[in-house]
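# Summary of the model geometry
The residues making up each chain are set out below.
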Amino acid sequence: MSTPASRCTAFRALPWLARINALGLCAAAAAFAALLWPQWLHDDNLTHGLFLPFLSGILAVESRRDPGARFLRPGAWPPVACAFLSLASMASVALAVIYAAAMGWSHSLAEFMLAAALVLALAASWLAFADRRVRFIPLNWAAAVAVFLWLFAGPPPPGSYARLALSLQGRVTDGVVSVLNAVGIAAFQDGNVIELARTSVGVSEACSGVRSLISCTVAGLFLSALLVRRPWHRALVIVLSPVIGLAMNFLRSLLLTLLANAGVSIEGRWHDLTGASILAGTTLLVTALALWLHRREPPQAACPAETAPGISGHSPLQAMVAATLLVAAGAAGFVVASSRPVDAGPGRAPDLAALLPDPPPGWTAQTTPDMDQFSGVLHTHALVERVYSAGSSPDSAHLTLYLAYWRPGQASVSMVDAHTPDACWPGTGWESEPVPIEHAVLAIGGRTLATAECRLFAHGRFRTNVWFWHLYGGRPLNFVDPYSAARLIGTTWRYGFGRAEDQLFVRVSSDRPWEEIASQPALRQFISNLKPLGL
C-alpha cells in the first residue's frame, strides 16, 4: 500500500516570512539546546534531554505525513490565541532574564522559564503554521507532543524536584522494608536509611525514581504520538509509562538491598549497572506496550483528496511569530552585552579557619574533614566547619560553627540562599520542626546581632537548633525563600544587576538554646572575630 501524499505545503513553497520564522524557531531551539547541553551530559536526571531535539524533529516530520491532516480556518480566535501565546512567551523570556541576573543561567528557575518561553513560542508558531493559508504543520497529536516535549528539556521549577524526590525516597524506603520483612529479612527504616542485620543501605535522591519517572514520561509521550492513534490507547501509554518506570526503580532498590544484605558491595559497579539496566528495561517495556497497542489498531484509511487552497502569505499570525522571535533575539543580545563575567573577581578569601576559635577548657574540638567534597555544589572551596563538644556523651552539649565564603562574582545571591539548612538538611535525614520565631534578633556579649534565621531540626531523638546569617558585601541580607519565584524578583532587582560583591554564610548550630550557648567563650570569640566582616 503506497503512503498517501502529504497535504502539507513544502518548505520551499512557503511565503518568505513563514520560512524566516521556521528558521528562526530552529535557531532558538538550537540555542536553548546548546545552553543545556552541559547539563544533559553531566546531570543523570536530564540525560533524556540529549534526545529531545531529535524526538521533537521526528514528530514534526511525522505530523506532516498525516493523511487526515487538519488546518485552521481563518477566523477570530486563532489570532487571539496566537497573540496570547506570543505575549506569554515574551513575558517568560523577560522573567528568565531577570532570574538569570540573580541566579545565573544555570539555575533551574531561569532554565525553566526559558523552556516555557520556547514552548509558548512553538505553540504560537504551530497555530501560525497550521493556518489554512500556510498549511505547513497540521493540527494533530504528533505536532502537539513535538511542541510540549521541550518542557522536559530543563529542570523543573525549584523545589518541585526536591520535594518529589524526597517523597519518592520515603515511599521506596518504606516499600523495600515492608517487602524484606514479609520475606523474613530483619530490616527497619531510619529516615531514608534501611538498617539491616550486618549493614545499612541509604536510598539516595538518585534512587528515588525521579529519573525513571521523567524519562518514562517522555518516552510515553513520544511513543503515543508515533505508534498509536486511538485516544484511549494514547492515554493508556501515557499513564502506564511513569508507573512502569517507578515499579522498575522499586525493583532495582529492592535488588540492591538484597545484595547488600548478602554481603555484596553495591557501590560503584552494581549501582551503575542496575541503574543503566533499569532505564533500558523500562524503555523496552514502554515500547513493547505501544507496539502491542499499535498492532491492535486497524490500518489508517486515507482521507479523500482535498484541493489545497493557494498560499496567500497574508496570515497575520506569521507577523506575531516574527515579533516574538525579534523580542527574544533582542533579549538575548541584551543579556550577552550586559551580563557580568562568571569568573570570580580578584581578591583573596579571608582565612576562615583562623576565625574559628580554639576550644575552651573542658571542651574538645574537631574540624570536619573533606569539606571540599561540597565545593562543586556550593561553587566555592572556602568552606570550614568545626564541632565543639563538652564531653563524649551524646547528651553532652555540642556546638557547631560553619563558614562559607564567595569572592565577588563567584556565585549569585540566590544560589547561596538555595543551599541553606532548609534546602539541604532534609535530604540527609533531618526533619524540620516548627519554631516560635523564625527571624530573631540575638544578643551575645552585650552586643545585639543582625537578625538571624532560626530553625529546629530533628533526627530520631536528637534535636538541634540552627541560626544562620547571609552577608553580602559585609551587610546582612534578609533571607528570601529560594523556592519562591515571586520573592526572588525582589532579590534580582536589588542584587542582580549591580556590581558583584563578596558573600559570607555563617551558621551556628547546637543542641542547646541560644540563651545557654551565648555564654560559651568559643561562640563569643567566634562572633567577635566576625565583626570586621559585617556580623
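Look up a bit, the structure's there.
Residues numbered from 1 in each chain as written. Predicted model: local features only at pLDDT ≥ 70, side-chain atom pairs only at ≥ 80, totals over all residues. Heavy atoms only, no water.

### Details of the environment of Val80
With respect to the element layout, Val80 can be found in helix H3 (residues 77–103). For Val80, a relative accessible area of 58% translates into the label exposed. Between the alpha carbons of Val80 and Leu317 there is a distance of 9.3 Å; along the sequence they are 237 residues apart. (Helix = DSSP H or I, 4+ residues; strand = E, 2+ residues; numbered from the N terminus. Buried < 20%, exposed > 50% of the residue type's maximum accessible area, 1.4 Å probe, protein only.)

### Side note on helix H4 (residues 108–129)
For H4, built from 22 residues, the straight-helix expectation of 32 Å at 1.5 Å per residue is met to within 8% by its first-to-last C-alpha distance of 31 Å. When you tally the buried positions in H4, you get 20 out of 22 residues, the bulk of the element. (Expected span 1.5 Å × (residues − 1).)

### Brief notes about the packing of helix H1 (residues 16–42) against H4
Between two packed helices, what matters for the description is the angle formed by their axes and the separation of those axes. Packing of H1 against H4 leaves a shortest axis separation of 11 Å and a crossing angle of 160°. On the basis of the axis angle, H1 is roughly antiparallel to H4. Handedness of the H1/H4 crossing: left-handed. Contact with H1, carried on its side by Ala18, Asn21, Ala22, Leu25, Ala28, Ala29, Phe32, Leu35, Leu36 and Gln39, involves Glu111, Leu114, Ala115, Leu118, Ala121, Leu122, Ser125 and Phe129 of H4 and no other residues of that element. Grouping the constituent residues of the contact of H1 with H4 by class yields 14 nonpolar, 3 polar and 1 charged. (Axes fitted to C-alpha atoms, helices over the stretch in contact; angles between N-to-C directions. Parallel < 35°, antiparallel > 145°, perpendicular 65-115°, else oblique. Left-handed = near helix turned anticlockwise from the far one by under 90°. Contact = heavy atoms within 4.5 Å. Nonpolar A, V, L, I, M, F, W, Y, C, P; charged D, E, K, R; others polar.)

### Quick notes on the nonpolar core
Phe32, Leu59, Phe129, Leu149, Trp150 and Ala153 are the most contacted members of the largest nonpolar core, which has 64 residues in total. Here the element with the most residues in this core is H4; it accounts for 14 residues. For Phe32, the contacting residues outside a window of four places in its chain are Glu111, Leu114, Ala115, Leu118, Trp150 and Ala153. (Core = buried A, V, L, I, M, F, W, Y, C linked by side-chain atoms within 4.5 Å.)

### Some thoughts on unusual backbone geometry
Although it is not a glycine, Asp370 sits at a positive phi angle of roughly 55°. You can see Asp370 is positioned in the loop between strand E4 (364–367) and helix H12 (375–378). On the basis of relative accessibility, which here comes to 59%, the residue Asp370 falls in the exposed class. Backbone geometry at His379 places phi at a positive 65°, although glycine is not the residue there. By secondary structure assignment, the location of His379 is in the loop between H12 and strand E5 (382–389). Accessibility expressed as a relative area gives 38% for His379, which makes it partly exposed.

### Re the environment of Asp372
Its place among the elements puts Asp372 in the loop between E4 and H12. In sequence terms Asp372 and Val384 are 12 residues apart; their C-alpha atoms lie 8.9 Å from each other. At a separation of 2.6 Å, a polar atom in the side chain of Asp372 contacts the side chain of His381. (Polar contact = N/O pair within 3.5 Å; in protein donor to acceptor, adjacent residues only side chain to side chain.)

### Comments concerning the sheet that holds strand E2 (residues 193–195)
Read from one edge to the other, the open sheet built from 3 strands follows the order E1-E2-E3, with strand pairing classed as antiparallel. Only two strands of the sheet have a single partner each, and these edge strands are strand E1 (188–190) and strand E3 (200–202). On average, each strand axis in the sheet is inclined to that of its neighbour by 25°, with strand direction left out of account. Examined bridge by bridge, E1 and E2 share 3 bridges and lie antiparallel to one another. (Pairing = 2+ DSSP bridges.)

### Things to note about the pairing of strand E12 (residues 462–472)
Burial runs high along E12: 8 of the 11 residues are buried. Where strand E11 (residues 452–459) and E12 come together, 7 bridges link them in antiparallel fashion. What sits directly across from Phe457, in E12, is Thr464. Adjacent in sequence and paired antiparallel, E11 and E12 are bridged by 2 residues, among which Gly460 carries a positive phi angle near 70°. With 8 bridges joining them, E12 and strand E14 (residues 503–510) adopt antiparallel strand pairing. Opposite Trp469, over in E14, you have Val506 as the bridge partner. Inspection of the sheet shows E12 paired to strand E13 (residues 475–476) by 2 bridges, in the antiparallel sense. In the sheet register, Leu471 faces E13, and the bridge partner there is Pro476. Hairpin connection of E12 to E13: 2 residues between the antiparallel strands, including Gly473 at a positive phi of 60°.

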